[in-house]
Amino acid sequence: MDISNQYQLEVQDSRAEIKDYFLANEQLPEYREYLDFKLVKKGKVKAWITICISEEGKAISLPQVPFGGIWMQDSLSSEALEYFILMIQEELRKRGVLELEITQAPKPYQSNHDLVNYLLFKLGFRQEKVLAHQFFLGKKKIKKLIQSEQDRFQKRIKEGDLTIRKGPISNFGFLQEIRSWNQSRGYDSNLDETRLITQVSEYPERYFLISLEKKGQAVAHTLATRLTSESLYYFQSAIDPKSQLKQGGEILLYQLFILAMELKVDFIDLGSSDQPSSANHNLMFFKSRFSNDISNKVTWVRKL
C-alpha cells in the first residue's frame, strides 16, 4: 500500500497544543511563524516537530533552546519517518523557506534518536554541529547513588557550615550573583535573564533553584529545569570565588540528584562540556563522577 494513503501531514500554529517539552511552546518575536508539523495515521499523531520560520526564509527547530527536533512513537517505521521528513521539506518550500535547520535531542529524550539522525543524513542534511551531553540514567540508580554518597556529603556540608536551599524559584536575585560570579572568573555570561524570568513566570513548576548558604549569605547556585516530565536538566551553575568553598560543585550536583529523586524523574541531563574549538575535558571529567551515559546532540542543515 502506498504510504501516502496511510499517513497525512497536518500543520498548525504551535500554540494550539501544550507539549511535554514545554520550550516548544515558546514563541520569539523575531520569527514570523511557529508551526507544529504532525504525521497522523487514523487520527493519531505518530510524530511531530515544532519549526519556526524567520523573515529571511530560514526554518529552525528550535532556536535559542537546548534542542528541537523530531519526536515520535516507538512503533514508527523508518519508511514512515522518511516520508514525514520529505513532507516537511515540501511544505516548507511552499511557504518560501530556503533552508531548514534541526537540532535533534540526545537519545535519552527520544529513543529513536539514531534512526532520525541516520535518515536526516541519507536525505541530504549536513551535520553542522555536535555536542556531547552527559547523563545519569535510571530512577533506581539515582536513588542508589544518593544513598551511597550520603554520609560523605553530609560530612562536607557540616564541615563547611553550609545551609541547603532547594525548591521552586521565589525571586530572581540569584541571577545577578550568577552573572557577577561567573564574570569574575572570566566566564562568558550568555544567560538571557529577561527571557528566563518570562519562562519561569509562565512555567513555575518547571524551574528549580539549589543554593548553598554560609552564615546567611549565598555562596553557590545551581539552576535546574524539567525540560520534559521524565527529565531534569542541569542548566546553569556558579560559585562565589571569594567564598573559598571546597568541592562546592560536587555538593551542588549531589543536591541536584536529591531533587531528581524527589521529582521522580527517569534521568538527569548534565548538559554539554564544550569550548569554541575543543572539548572541555576538565568539565567532562568532573561530570563523569555523576554520569553513566553520553549521547550526542546533533544539528543538521539542508538547503531547500
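Reading the values: the criteria
Residues numbered from 1 in each chain as written. Predicted model: local features only at pLDDT ≥ 70, side-chain atom pairs only at ≥ 80, totals over all residues. Heavy atoms only, no water. Helix = DSSP H or I, 4+ residues; strand = E, 2+ residues; numbered from the N terminus. Rg over C-alpha atoms; globule rule 2.2 N^0.38 Å. Buried < 20%, exposed > 50% of the residue type's maximum accessible area, 1.4 Å probe, protein only. Contact = heavy atoms within 4.5 Å. Areas by Shrake-Rupley, 256 points an atom, 1.4 Å probe, with all protein chains shown as cover. Salt bridge = Lys/Arg side-chain N within 4 Å of Asp/Glu carboxyl O. Arc of directions from axis to C-beta. Axes fitted to C-alpha atoms, helices over the stretch in contact; angles between N-to-C directions. Parallel < 35°, antiparallel > 145°, perpendicular 65-115°, else oblique. Left-handed = near helix turned anticlockwise from the far one by under 90°. Phe/Tyr/Trp six-rings, centres within 6.5 Å; stacked < 30°, edge-to-face > 60°. Lys NZ or Arg CZ within 6 Å of the ring centre and 35° of its normal.

Of the regular secondary structure elements, the chain holds seven helices and 13 strands. Taking 19 Å as the expected radius of gyration for a compact globule of 304 residues, we find that the chain reaches 21 Å, a close match to that expectation. Considering only C-alpha atoms, the chain reaches an extent of 70 × 40 × 35 Å along its principal axes. Looking at the chain residue by residue over its 304 residues, the buried ones come to 52%. A fraction of 72% describes how many contacts in the chain between residues 6 or more apart in sequence connect residues 24 or more apart. Only carbon and sulfur atoms are counted for the fraction: they give 47% of the accessible area of the chain, which is about 15,400 Å².

What follows covers the pattern of salt bridges. Throughout the structure, instances matching the rule amount to 21 salt bridges. Where D36 meets K19, a salt bridge forms, and the shortest distance between an N and an O atom there is 3.1 Å. Residue D36 is found in strand β2 (residues 31-41), and its partner K19 is found in the loop between β1 (8-13) and β2; the two are separated by 17 residues along the sequence. Judged on exposure class, the residue D36 and its partner K19 are both buried. The salt bridge partner of E91 is R95, with a shortest N-O separation of 3.0 Å.

Restricting attention to buried positions, one finds in helix α5 (residues 193-202) the residues R195, L196, Q199 and V200. Angularly, the buried residues of α5 cover 135 degrees about the axis, an arc narrow enough to put them on a single face. In α5, the exposed positions angled more than 90 degrees off the buried face are occupied by T194, S201 and E202. In the core, the buried residues of α5 are packed alongside α4 (173-184), β9 (207-214), β10 (217-225) and β11 (231-239).

This next bit is on the packing of helix α1 (residues 78-94) against helix α2 (residues 113-122). At their nearest, the axes of α1 and α2 sit 10 Å apart, and the two run at 55 degrees to each other. Taken as axis vectors, α1 and α2 run oblique relative to one another. As α1 packs across α2, the resulting crossing turns out to be right-handed. Contact residues: S78, L81, E82 and I85 in α1; L115, V116, L119 and L120 in α2.

Under the definition given, this model contains 15 aromatic pairs. Relative to W71, the ring of W48 lies with its centre 5.8 Å away and its plane at 10 degrees, an arrangement referred to as stacked. With W48 in strand β3 (residues 44-54) and W71 in strand β5 (residues 71-72), this pair connects stretches of sequence that are 23 residues apart. Three or more aromatic residues joined by ring pairs make a cluster, and in this case those are Y21, W48, F67, W71, Y109, F135 and F267. A cation sits over an aromatic face here: R156 above F153, 4.9 Å from the ring centre.

Moving on, we get to the side chain of S291. With respect to the helices, strands and loops of the structure, S291 is situated in the loop between α7 (281-288) and β13 (293-303). Assessed through its relative accessible area of 17%, S291 is described here as buried. Look past the residues within four positions of S291 in its chain and what remains in contact with it is Q134, F135, F136 and L270.

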